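# Tertiary structure, described
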Amino acid sequence: MKEIITIRENSAIGFIPGDTYPLWQEKALRALDLLETGKGKGSDFLGWLRLPSQTAPTVYEQIKDICLDWKDIELVVVIGIGGSYLGARAVIEALSHSFSALMPSSTPYIVFAGQNIGEDYLAELEDLMAVKSSACVVISKSGTTTEPAIAFRLVKQHLLSRYGKEETRRRIVAITDKSHGALRKMVNSEEYRSFIIPSDVGGRFSVFTPVGLLPIALAGIDIQELMEGARDMEKITALKTGNNPAVRYAALRNALYSTGKKIELLVNYHPKLHYVTEWWKQLFGESEGKEHKGIFPAGVDFTTDLHSMGQYIQDGERHLFETVISIAAPNRSLAIPADEGDNDGLNFLAGKRIDHCNKMAELGTRLAHTDGGVPNLRIDMSSLNAYNLGALLYFFQKACGISGYILGVNPFDQEGVEAYKKNMFALLDKSGFEVQGALLRKRL
Ligand code: PA5
């Protein structure tokens, strides 16, 4: 099978003591086996493993119907938080024109809400909806998460007052659990069109369900291609060999963690990948940060952040390693022009591709950072397209499951997220939280 991504470990392996790496590979292979046989922790949440190969054709048809029905829509507000928005945002930003908001387009512009409770943000969203023909995709697996619920209430009221009940119904699609939660109740009572999030797929593993696929398709991106890449990676990462890229990545990052490298920086050299990093941070952070263990996932956009975080990475505490997503060729071609006066002294670069400069920055940074004691893993990919991105996201999900099992945690729950929610409800005087509210206020 062709290689879609390649793990390059030569700038990292020297940081792993002596002959210990094969042991981590063995652990990773055992973890893969647990995952594939469903014998590990949280195995009732493994539905994501087979989404690329087993998604029913009716799902794609329903998504297509909505895209066709919303041909007149200029703006789609996608409401969701965490796993209910990051996958869609990652793919849409990676594969759209960097200035799509201001470019002519035959597809609606996608904006996101419900991922914060900023009053200015939501008021400004209403300003935007007032001047655009708008529709809404509201996503919440539990159907009860506060941030998206607040945003949805506002967006729904806006649509109702502008378009009336019937037309609002056409302009709302909900994606939620089959039977539980307030959102499903609303779907039933208001008769919104809806999709089901499979009960065995957790939020951060849901990009290949309608949670990701519907917003991505609405943005005009080919979801068949995305799923084809994911499907090929599903096959590649099921192989029980040391060459399985998910096994290798999981083994390497855990080997580095065992040497005190507690922070992993996901590095990109293309601004379009910023939200892939945000998605990856949630995937690994929420899956592995448990029982006072886990690599802290952080992200940097280079070369931008070389001028902010570069100093620390080069010279600060030595608890970091980098994983670089390296794209061999950009989709566009642009060379640096010659300038007669050469007053900026840049003529030595005249005729060179912009990407050549980017690549030299990447190479120079790798050498400098490894010299400074930062191990450097690389994930090589030929170019940024839907097929490769589908493969990359599936690869990370698989590596995350393997890595969580190596660490000995349940990668598929997120009980730690509940602590802030309970406090927030108590401080907002939600019924049932009165005692906790009183206790918390005493501490303030
Ligand atoms: O990965 C997860 O499970 C979480 O990040 C959820 O996606 C997030 O908390 C949103 O939950 P819900 O979709 O229930 O609103």
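Computed from a prediction, not measured in an experiment: that's the story for all the values here.

Further remarks concern the domain arrangement of the protein chain. The domain boundaries assigned to the protein chain delineate domain 1 (5–41 + 227–410) and domain 2 (48–224). Computed from C-alpha coordinates alone, the two centres of domain 1 and domain 2 are separated by 29 Å. Listed by partner, the interface residues are 28 residues for domain 1 and 32 residues for domain 2. For the pairing of domain 1 and domain 2, the buried interface totals around 2600 Å² over both sides, and the portion due to carbon and sulfur atoms is 62%. Looking at the side of domain 1 facing domain 2, the largest losses of area belong to Met227, Lys272 and Tyr275, adding up to 30% of the total buried there. Scanning the region where domain 1 abuts domain 2 turns up 3 salt bridges. A salt bridge links Arg50 to Glu36; the shortest N-O distance between them is 2.5 Å. Seen at the junction of domain 1 and domain 2, the total is 13 residue pairs in polar contact (both at pLDDT 80 or more). The set of elements that each furnish at least two residues to the side of domain 1 that touches domain 2 consists of α1 (21–37), α9 (223–236), α11 (274–288) and α14 (386–407). By residue class, the composition of the side of domain 1 that touches domain 2 is 14 nonpolar, 5 polar and 9 charged.

A cluster of like negative charges, contributed by Glu119, Asp120, Glu124, Glu126 and Asp127, occupies part of the molecular surface. Its location among the elements puts Asp127 in helix α5 (residues 119–131).

Mapped onto the secondary structure, Ser140 falls in strand β4 (residues 134–140). Classification of Ser140 as buried rests on a relative accessible area of 6%. Residue contacts for Ser140: discarding those within four places in its chain leaves Ser84, Thr145, Ile175, Thr176, Asp177, Leu183 and Ile197.

The local shell around the ligand holds 13 residues, among which Ser84, Ser140, Ser142, Thr145 and Gln282 are the closest. Separating an oxygen atom of the ligand from a backbone N or O atom of Gly83 is a distance of 3.0 Å. Contact between the ligand and Gln282: an oxygen atom at 2.5 Å from a side-chain N or O atom of the residue. When isolated, the ligand has an accessible area of 380 Å², and the protein chains bury 89% of it. Here the shell around the ligand is built from residues that sort into 1 nonpolar, 9 polar and 3 charged.

What follows covers the packing of α1 against α14. Helix-helix packing: each pair is described by the crossing angle between the helix axes and the interaxial distance. Look at α1 against α14: their axes get within 8 Å of each other, and the N-to-C directions meet at 110°. Considering the angle they form, α1 stands roughly perpendicular to α14. Of the two elements, α1 crosses α14, and the hand of that crossing is right-handed. The residues of α14 that touch α1, namely those facing Trp24, Lys27, Ala28, Ala31, Leu32, Leu34, Leu35 and Glu36, are Lys398, Gly401, Ile402, Tyr405 and Ile406.

All right, on to the packing of aromatic side chains then. Aromatic ring pairs: the centre-centre distance and the angle between the two ring planes describe each pair. Applying the stated criterion to the full structure yields 16 aromatic pairs. Seen from their ring centres, Tyr405 and Phe412 are 6.1 Å apart, and the 90° between their planes marks the pair as edge-to-face. On the basis of relative accessible area, Tyr405 is assigned to the buried category, the value being 9%. Taken together through their ring pairs, the aromatic side chains of Tyr249, Trp279, Trp280, Phe284, Phe395 and Phe396 make up a single cluster. Its end group placed over the ring of Trp24, Lys27 keeps NZ or CZ at 4.4 Å from the ring centre.

A cluster of nonpolar residues, Ile117, Ile150 and Leu154, forms a patch on the protein surface that exposes about 220 Å² of accessible area. Since its relative accessible area comes to 45%, Ile117 is described here as partly exposed.

This brings us to the environment of Lys165. Looking at the secondary structure, you find Lys165 in helix α6 (residues 146–170). What makes Lys165 exposed here is its relative accessible area of 58%.

As a further point, take the sheet that holds strand β9 (residues 320–327). What the 5 strands build is an open sheet, ordered β1-β10-β9-β7-β8; its pairing is mixed. Where the open sheet ends on each side, the last strands, each with one partner, are β1 (5–11) and β8 (296–301). Each neighbouring strand pair of the sheet contributes to a mean axis angle of 25°, computed without reference to strand direction. One ladder, built from 6 bridges, connects strand β7 (residues 263–268) with β8; its direction is parallel. Across the sheet, residue Leu265 finds its bridge partner in β8, namely Ala298. Here α11 sits on the sheet and contacts β7, β8 and β9; the angle it forms with β8, its principal contact strand, is near 175°.

Right, let's get into the side chain of Ser133. Its location among the elements puts Ser133 in the loop between α5 and β4. Judged by relative accessible area, Ser133 falls into the buried class, the value being 14%. When residues no more than four places from it in sequence are discounted, the contact partners of Ser133 are Asp72, Ile73, Glu74, Leu75, Tyr163 and Arg171.

This next bit is on α14. In this model α14 runs 31 Å from its N-terminal to its C-terminal C-alpha over 22 residues, within 8% of the 32 Å that 1.5 Å per residue would give. Buried residues dominate α14, accounting for 22 of its 22 residues. Between the side-chain oxygen of the N-cap and the backbone nitrogen of Tyr387 there are 3.2 Å, and the N-cap of α14 in question is Asn385. Within two residues after α14, Gly408 carries a phi angle of roughly 90°, on the positive side.

Okay, the sheet that holds strand β2 (residues 75–79) next. In a beta sheet, neighbouring strands pair by backbone hydrogen bonds and run either parallel or antiparallel. Pairing is parallel across the open sheet formed by 5 strands, whose spatial order is β3-β2-β4-β5-β6. What marks the edges here is a single partner per strand, and that holds for β3 (109–113) and β6 (193–196). Across the sheet, the mean angle separating the axes of adjacent strands is 20° when strand polarity is ignored. As paired strands, β4 and strand β5 (residues 172–176) are joined by 5 bridges and run parallel to one another. Bridged to Val138 within β5 is Ala174. Packed onto the sheet, α5 meets β2, β3 and β4 and runs at close to 155° relative to β3. Across the sheet, α6 touches β2, β3, β4, β5 and β6, and the angle it forms with β4 is around 135°.

What counts, and where the lines are drawn
- Residues numbered from 1 in each chain as written.
- Predicted model: local features only at pLDDT ≥ 70, side-chain atom pairs only at ≥ 80, totals over all residues.
- Heavy atoms only, no water.
- Domains from an automatic or database assignment.
- Contact = heavy atoms within 4.5 Å.
- Buried area = accessible area lost by both parts, 1.4 Å probe.
- Salt bridge = Lys/Arg side-chain N within 4 Å of Asp/Glu carboxyl O.
- Polar contact = N/O pair within 3.5 Å; in protein donor to acceptor, adjacent residues only side chain to side chain.
- Helix = DSSP H or I, 4+ residues; strand = E, 2+ residues; numbered from the N terminus.
- Nonpolar A, V, L, I, M, F, W, Y, C, P; charged D, E, K, R; others polar.
- Patch = residues over 30% accessible without salt bridge, like charges linked within 9 Å, V, L, I, M, F, W, Y side chains within 5 Å.
- Areas by Shrake-Rupley, 256 points an atom, 1.4 Å probe, with all protein chains shown as cover.
- Lys, Arg positive; Asp, Glu negative; His and termini not counted.
- Charge placed at Lys NZ, Arg CZ, Asp CG, Glu CD.
- Buried < 20%, exposed > 50% of the residue type's maximum accessible area, 1.4 Å probe, protein only.
- Near = heavy atom within 4 Å.
- Axes fitted to C-alpha atoms, helices over the stretch in contact; angles between N-to-C directions.
- Parallel < 35°, antiparallel > 145°, perpendicular 65-115°, else oblique.
- Left-handed = near helix turned anticlockwise from the far one by under 90°.
- Phe/Tyr/Trp six-rings, centres within 6.5 Å; stacked < 30°, edge-to-face > 60°.
- Lys NZ or Arg CZ within 6 Å of the ring centre and 35° of its normal.
- Pairing = 2+ DSSP bridges.
- Expected span 1.5 Å × (residues − 1).

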